[in-house]
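Chain by chain, the residues run as shown.
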Amino acid sequence: MNANVKKGAAASGGPVDPALIDDLVAASRILAIQGVLDAYGHVSMRHPANPGRYLMSRSLAPELVTASDILEYDLDSNPVDPHAPLAFLERFIHGEIYKARPEVNAVVHSHSPSVVPFGVSSVPLRPIYHMSSFLHPGVPVFEIREAAGMTDLLVRNPELGAALARSLGERPVALMRGHGNVVVAKSVPLAVFRAIYTEVNARLQTQAIGLGGSVTYLAPEEGRKSEATNAGTIARPWELWKRRALGT
Ligand code: MN
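Definitions and cut-offs
Residues numbered from 1 in each chain as written. Predicted model: local features only at pLDDT ≥ 70, side-chain atom pairs only at ≥ 80, totals over all residues. Heavy atoms only, no water. Core = buried A, V, L, I, M, F, W, Y, C linked by side-chain atoms within 4.5 Å. Buried < 20%, exposed > 50% of the residue type's maximum accessible area, 1.4 Å probe, protein only. Helix = DSSP H or I, 4+ residues; strand = E, 2+ residues; numbered from the N terminus. Contact = heavy atoms within 4.5 Å. pLDDT = per-residue confidence, 0-100. 1 Å grid on protein atoms, 1.4 Å probe; cavity = no way out; pocket = protein on both sides within 12 Å on 5 of 7 lines; lining within 4 Å. Points joined across faces, edges and corners; volume = space filled by probe spheres on them. Nonpolar A, V, L, I, M, F, W, Y, C, P; charged D, E, K, R; others polar. Axes fitted to C-alpha atoms, helices over the stretch in contact; angles between N-to-C directions. Parallel < 35°, antiparallel > 145°, perpendicular 65-115°, else oblique. Left-handed = near helix turned anticlockwise from the far one by under 90°.

Glancing now at the nonpolar core. Most often, soluble globular proteins keep nonpolar side chains buried together rather than apart. Core analysis: the biggest nonpolar cluster contains 42 residues, and Ile-30, Leu-31, Leu-125, Val-192, Phe-193, Ile-196 and Tyr-197 have the highest contact counts within it. The set of elements that each furnish at least two residues to this core consists of helix 1 (18–33), strand 1 (42–46), strand 4 (106–110), strand 6 (173–176), strand 7 (180–185), helix 6 (188–210) and helix 8 (235–246). For this core, the leading source of residues is helix 6, giving 10 residues. Sequence-distant contacts of Phe-193, that is, excluding residues within four places in its chain, are made with Met-131, Phe-134, Asn-230, Ile-234, Pro-237 and Trp-241. The next biggest cluster of nonpolar side chains, apart from the first, holds 25 residues, and it includes Ala-87, Tyr-98, Val-104 and Leu-168.

Shown next, in the form of structure tokens:
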């Protein structure tokens, strides 16, 4: 019996436009090329025709993902195909966030290295420049000990996924203490943009703090204004990143 199967398989949400699958494949490779994902971490998208399903690769290093590796899950993170290959252990991050956030259509979970210190330090991650202005609502830290005591740090069941989703609340990014982070957005390109600039912001913030003086962060109003401007420009980096990732 396949290890993924816990109960009767759910029905498929139906066929998906191959161009959208290509975007999900590109997202996985882009995030690997940009150093947000390494051999670990994953990106998913909600099924465009059925909000109760989502799409994500089988357990595989993100840079190696192709369209044939994309699997469909219900929001309890059971594969729709009972014979599906091995799924990611932490797929519950995705399913539970899609349950909690109906407007979210893409989720990235990474261990992007520059961000990790902000999950273990009392220094909060804050927006240091306009490219990361989406951080203006604040970045919560998910403390898995509060949810489940001593664990291996992995979000390996629906209860932990739901606890992470509660910590995220209505915000775009949550850090996971001693582990990594999760980034959400209404689209795959925007989730990729946010995951990349969360990593860059963490690196730049660390450098700014290292200079030793006081640091001026974006004010919330600057954050809101800048985020509105950036929303109109996402297609430009997305075209570049996708072309590099897919070699087209
Ligand atoms: Mn992880």
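A positive phi angle, near 70°, is found at Ser-77, a position not held by glycine. With respect to the helices and strands, Ser-77 occurs in the loop between strand 3 (70–74) and helix 2 (92–100). Judged by its relative accessible area of 1%, Ser-77 falls in the buried class. Within the chain, Leu-153 stands out as a residue other than glycine whose phi angle is a positive 80°.

With that out of the way, let us pick up the confidence of the model for the chain. Close inspection of predicted coordinates is inappropriate for parts of the model with low pLDDT. Residues with a pLDDT of 70 or more make up 97% of the chain, whose mean pLDDT is 95. The low-confidence segment residues 1–5, where pLDDT is below 50, has 11 contacts with residues more than four positions distant or belonging to other chains.

A few words on empty space enclosed by the protein. Using the criterion set out here, one finds four cavities of 30 Å³ or more in the structure. Estimated volume of the largest cavity: approximately 60 Å³. Lining the largest cavity, in full, are Leu-24, Ser-28, Gly-41, His-42, Val-43, Met-56, Ser-57, Leu-60, Pro-62, Val-65, Ile-70 and Phe-88. Listed by contribution, the elements that provide at least two residues to the lining of the largest cavity are helix 1, strand 1 and strand 2 (53–57). Partitioning the lining of the largest cavity into residue classes produces eight nonpolar, four polar and no charged.

At their nearest, the axes of helix 2 and helix 5 (residues 158–168) sit 8 Å apart, and the two run at 55° to each other. The angle between the axes of helix 2 and helix 5 places the two elements in the oblique class. Taken as a pair, helix 2 and helix 5 cross one another with a handedness that is right-handed. Within the contact between the two elements, helix 2 uses Phe-92, Ile-93, Glu-96, Ile-97 and Ala-100 and helix 5 uses Pro-158, Gly-161, Ala-162, Leu-164, Ala-165 and Leu-168. Tallied by class, the residues present in the contact of helix 2 with helix 5 amount to nine nonpolar, one polar and one charged.

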